[in-house]
Amino acid sequence: MRKTKKIFLGMTVMSMMMSMAMPMSMPTTSIVGTKTVSAEVVAQGRCGDQVDYQYDSKTATLTITGCGATWDNYNISIKYEKVKKIVVGNGITTIGSRLFENFYGVEEVQLADTVTTIKQNAFSYINGTFTIPASVTKLETNAFNGARKIVIKGDAKGYEIGAFGGWIPPEGEYWDYDGDDGVIDDICLYGSADDLGKAAFHVRVDGITIPKENKKCRVENGLLTSMEGKQLYYNTNYYSYKITIPDSVETISSFAFSNAYCSGGEINIDKLTFGKNVKTVKDFAFKDVGIGTLKLNKKLSKIGVKAFFDASIKKVEFFGKVKMDVAAFEHHTKIVNKKKFKYAQTALDTALYAKRKVTIKFAKVSGAKGYEVVMKKGKKTYKITTKKNSFTTAAPKFLKSGYDVDKKYDASNNEYLQKVSGAVSVKVRPYQLVKKSKKSKKTKKVYGMWSKEMTVRHK
């Protein structure tokens, strides 16, 4: 009995050693219909708790199978030039960050309609078309790069800033689209376009195709709008020097025009005219778009964060009460309110603390004799009266002790939407001096509206 056990154990050990010594390349054969398909698997492994990958060298295809999510920050290690096709099988729900980051020049990607999330830097450079299934409800920043055509089978909703990739220049530099990098030839859209402009922030989209099946959007004169025309999602008129927003439009979406202009001080649009029904301009809608003349309407009531920042606008006229968010315009712009001074409002674009001093900048207000500036931290306040719209002054005591807030109003993240604990805020309102009575020589201050509060940043 003991001799039999020893023989059996020896055979088992030998079998295991032979198995471990087998080469990684393993030919396999499968039958599809009446055809016999031979595959040569040269790499395989696990990339999620219940997810495996397998690479077929004969077809240059990397296949992901299993169920659930793949791991985050996990790179599949195969020589990047080898993979030409990626297939993500049925049952996979989330493509983790950096999973396919090593593969440049992938020509085809097939995603199952069980995929709901594609995370940051999941794919690298796509040399062809990238199709996003209707099941995808979250597309993170730089989910993929380089695709010259994108097919969106569902709604472009839940997409983060820069989800379609593109080259991001260093701070202070601008995009250059003389070459092909950062250009998408066409987006074929089957659903709504709520976050399309946001996703395309770092690229230029030259064309948008709306299939007959799409009952949510339309394209007219290079402008992508909702089917009834009330929401303007995106602009492809990069070479039109005069643009008129249709009268049907009530809301201009975030990043609708900002994509790919990046003027650097140059004028991209000689004249931009709002239709009579535009009421809201959302965050970053025209950021970096050089605008020569901006003609607004009487119904406009709200302008978002950095909506016209770096747009090189010298003067803008309002015809009523318009609420502006932080840096809606920059401090070089002069704001005129044609109705009443009590509706006059400015927009802060700089609030910077450094070396025990604070630098504050905001848009000029026509007719203002001066400005009241208030800095606040909790219940503590500090007031300044100034005639300048750009100045540096000694910081209040409550700002000097260990202040290190570094909040940025940047389009590349959502940090600008978040409140910072312990931060100092600043707000400004313009004022005029008017006589107390017709006979009196004494004057009193008549104030306009307070600006939106801006967080003071420590440099």
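Okay, so let's go over this structure. Since the model is a prediction, treat every value here as computed from it, not as a measurement. (Residues numbered from 1 in each chain as written. Predicted model: local features only at pLDDT ≥ 70, side-chain atom pairs only at ≥ 80, totals over all residues. Heavy atoms only, no water.)

**Here's the deal with the pattern of salt bridges**
Here comes step 1: By the definition in use, this model includes 12 salt bridges.
Here comes step 2: Arg46 serves as the salt-bridge partner of Asp52, at 3.0 Å between the closest nitrogen and oxygen.
Here comes step 3: The class for Arg46 is partly exposed, based on a relative accessible area of 41%.
Here comes step 4: Among the salt bridges present, the one from Asp195 reaches Lys198, with a minimum N-O distance of 3.9 Å. (Salt bridge = Lys/Arg side-chain N within 4 Å of Asp/Glu carboxyl O. Buried < 20%, exposed > 50% of the residue type's maximum accessible area, 1.4 Å probe, protein only.)

**Quick look at the sheet that holds strand 17 (residues 217-220)**
Here comes step 1: With mixed pairing, seven strands are arranged side by side in an open sheet as 17-18-19-21-23-25-27. Edge positions in the sheet fall to strand 17 and strand 27 (323-324), since each has one partner strand and no second.
Here comes step 2: Where strand 21 (residues 251-252) and strand 23 (residues 280-281) come together, two bridges link them in parallel fashion. Counted as the bridge partner of Thr251 is Thr280 from strand 23. (Pairing = 2+ DSSP bridges. Helix = DSSP H or I, 4+ residues; strand = E, 2+ residues; numbered from the N terminus.)

**Observations regarding the side chain of Thr94**
Here comes step 1: Topologically, Thr94 is positioned in strand 7 (residues 92-95).
Here comes step 2: Look past the residues within four positions of Thr94 in its chain and what remains in contact with it is Gly68, Ala69, Thr70, Thr116, Thr117 and Lys119. (Contact = heavy atoms within 4.5 Å.)

**A closer look at the sheet that holds strand 20 (residues 242-244)**
Here comes step 1: Taking strand neighbours across the sheet as the criterion, the three strands line up as 20-22-24 in an open arrangement whose pairing is parallel. Each having just a single partner strand, strand 20 and strand 24 (291-295) make up the two edges of the open sheet. Strand-to-strand, the axes of this sheet are offset by a mean angle of 15°, without reference to chain direction.
Here comes step 2: By the bridge criterion, three bridges tie strand 20 to strand 22 (residues 269-273) in an arrangement that is parallel. Paired with Thr244 across the two strands is Thr273, which belongs to strand 22. (Axes fitted to C-alpha atoms, helices over the stretch in contact; angles between N-to-C directions.)

Worth remembering: the numbers are spatial, not functional.
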